[in-house]
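Residues per chain, in single letters:
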Amino acid sequence: MTAAVRGTRVSIPPVLMYHSISPSAEPDPHRLRVHPSRLERHLRLLRRLGLRGVSLGELLQARERGTAARLVGLTFDDGYTDFLDHAVPLLRQYGMTGTVYVVAGRIGGHNEWDEGPRFGLMTADQVRAVAASGLEIGSHTMTHARLAGADPATLAEEIGGSRQVLQDVLQEEVAGFCYPYGSYDDAAADAVQAAGYDHACVTGDYVPGDRFTLPRCYVSPRDTAAHVAVRLGRHHVRQRLSG
Ligand SMILES: [Zn+2]
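- Per an unreviewed UniProt entry, the chain is named Polysaccharide deacetylase, and its organism is Blastococcus aurantiacus.
- One UniProt comment on the chain, placed under Subcellular location (unreviewed entry), says "Secreted".

Here is the structure:
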C-alpha cells in the first residue's frame with residue numbers, strides 16, 4: 001500500500017455516483033432514483049466500450065498496479081434497500097462490482113435527512129448480504145451530516161464512529177468514506193485519514209482531488225447511456241487539463 005498523502009493530487013479513472021436504483025414511480029424531488037433498466041443501459045455501455053465497473057477500493061488498488069485503464073468506479077450512496085433487489089443482480093449479470101456508502105447510524109431506518117418522500121435503508125443483515133455478494137461497503141457518516149465546518153467531536157463521531165459501527169457489522173476493515181452532500185473541508189479530510197480510512201470521495205467531478213477528496217460524476221435519473229458516455233469523456237479531458 002502506498003502512503004496516502006493529503007494534498008497530493010491523484011489522477012483516477014471516472015467514478016460514477018448513483019443513489020437509489022428502483023423502478024418506483026413515486027415522487028423523487030431530490031433526483032436520487034435511477035430506474036434499473038437505465039442502470040442496465042449504463043452497464044451495457046461500459047461493456048461495449050470495453051470498460052468494467054468496480055468498487056472505488058478496487059479501482060485504487062488497480063491504479064497502484066498500473067492496471068486501472070479499462071476500469072470505471074461505480075458508487076451508490078446512502079444504502080437504500082432497493083440496492084439488493086435491483087442493483088446487485090444487474091452488477092452480477094455484467095460481472096461488475098461497486099461501492100455502497102452506508103449511513104451507519106441509520107441502518108434499517110430511512111433517509112430522514114431529506115425533506116419529502118421516505119426511502120428505506122438497508123438493515124445490518126442486508127448490508128452483510130451486499131458485502132457477501134462481493135461489493136464494497138464504505139461509510140457515509142453516522143447521520144448523513146454536513147462535515148464542512150463541523151467541530152472535532154462531531155468529526156470524530158461521524159467519521160471514526162461510523163467506521164467502527166460498520167466494522168462491527170461486517171467484521172472486517174472499512175477502507176472507504178464518502179462525504180454527504182460532498183460537504184468537506186481540510187479538517188474533515190484530515191479526520192478521515194486519521195480515522196484509518198484508505199480513501200474518500202466527494203460529490204462532483206470538477207476538482208481533481210487527493211486520495212481523501214476523490215472526484216465523482218453524478219448520474220441523474222434522466223441520464224441515457226449517451227449522457228454517461230459524455231460524462232466519461234469529460235472526466236478524461238478534465239484530468240488531462242489539470243494534470
Ligand atoms: Zn448521501
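The rest of the description comes next.
## Comments concerning the overall build of the chain
Move 1: Of the regular secondary structure elements, the chain holds 7 helices and 10 strands.
Move 2: A globule of 243 residues ought to have a C-alpha radius of gyration of about 18 Å, and the chain, at 17 Å, matches this closely.
Move 3: Taken along the three principal axes of its C-alpha coordinates, the chain extends 45 × 40 × 30 Å.
Move 4: Each of the 243 residues in the chain was classed as buried or not, and the buried ones make up 53%.
Move 5: Pairs at least 24 apart in sequence give 67% of the contacts found in the chain among residues at least 6 apart.

## Structural notes on helix H1 (residues 36-48)
Move 1: With 13 residues, H1 should cover 18 Å at 1.5 Å per step; its first-to-last C-alpha distance of 18 Å lies within 8% of that length.
Move 2: Along H1, the residues that are buried comprise Pro-36, Arg-38, Leu-39, Glu-40, His-42, Leu-43, Leu-45 and Leu-46.
Move 3: Two residues or fewer past H1, Gly-50 is found with a positive phi of approximately 75°.

## So, the coordination of the zinc ion
Move 1: Within the protein, Asp-78 (OD), His-140 (NE2) and His-144 (NE2) serve as the donor atoms for the zinc ion, at 2.1 Å.
Move 2: Donor residues for the zinc ion sit on one chain with the sequence pattern D-x61-H-x3-H. With a gap of 62 residues between them, Asp-78 in strand E5 (residues 71-78) and His-140 in the loop between strand E7 (136-139) and helix H5 (152-170) connect regions that are remote in the sequence.

## Quick look at unusual backbone geometry
It is generally the case that most residues other than glycine have a negative phi and that most peptide bonds are trans.
Move 1: Residues other than glycine seldom take positive phi values, yet His-144 does so here, at roughly 60°.
Move 2: Checked against the element boundaries, His-144 lands in the loop between E7 and H5.
Move 3: The exposure class assigned to His-144 is buried, which follows from its relative accessible area of 7%.
Move 4: One non-glycine residue, Gln-171, adopts positive backbone phi at about 55°.
Move 5: Among the secondary structure elements, Gln-171 is positioned in the loop between H5 and strand E8 (176-178).

## What to know about the pairing of strand E6 (residues 99-102)
Move 1: Alternating residues of E6 divide into Thr-99 and Tyr-101 and Val-100 and Val-102, and every residue in both groups is buried.
Move 2: Of the pairings in the sheet, the one linking E5 to E6 comprises 4 bridges and is parallel in character. Opposite Thr-75, over in E6, you have Thr-99 as the bridge partner.
Move 3: For the crossover from E5 across helix H3 (residues 82-93) to E6, the handedness is right-handed.
Move 4: Relative to E7, E6 runs parallel, the two being bridged by 4 bridges. The residue of E7 that forms the bridge with Val-100 is Ile-137.
Move 5: At this point the chain moves from E6, through helix H4 (residues 124-132), to the parallel E7, and the crossover so formed is right-handed.

Thresholds, definitions, all that
Residues numbered from 1 in each chain as written. Predicted model: local features only at pLDDT ≥ 70, side-chain atom pairs only at ≥ 80, totals over all residues. Heavy atoms only, no water. UniProt positions renumbered as here; feature names shortened; annotations may be inferred. Helix = DSSP H or I, 4+ residues; strand = E, 2+ residues; numbered from the N terminus. Rg over C-alpha atoms; globule rule 2.2 N^0.38 Å. Buried < 20%, exposed > 50% of the residue type's maximum accessible area, 1.4 Å probe, protein only. Contact = heavy atoms within 4.5 Å. Expected span 1.5 Å × (residues − 1). Donors = N, O, S within 2.8 Å, 3.2 Å for Na, K, Ca; no water. Pairing = 2+ DSSP bridges. Right-handed = clockwise from strand over helix to strand, strands pointing away.

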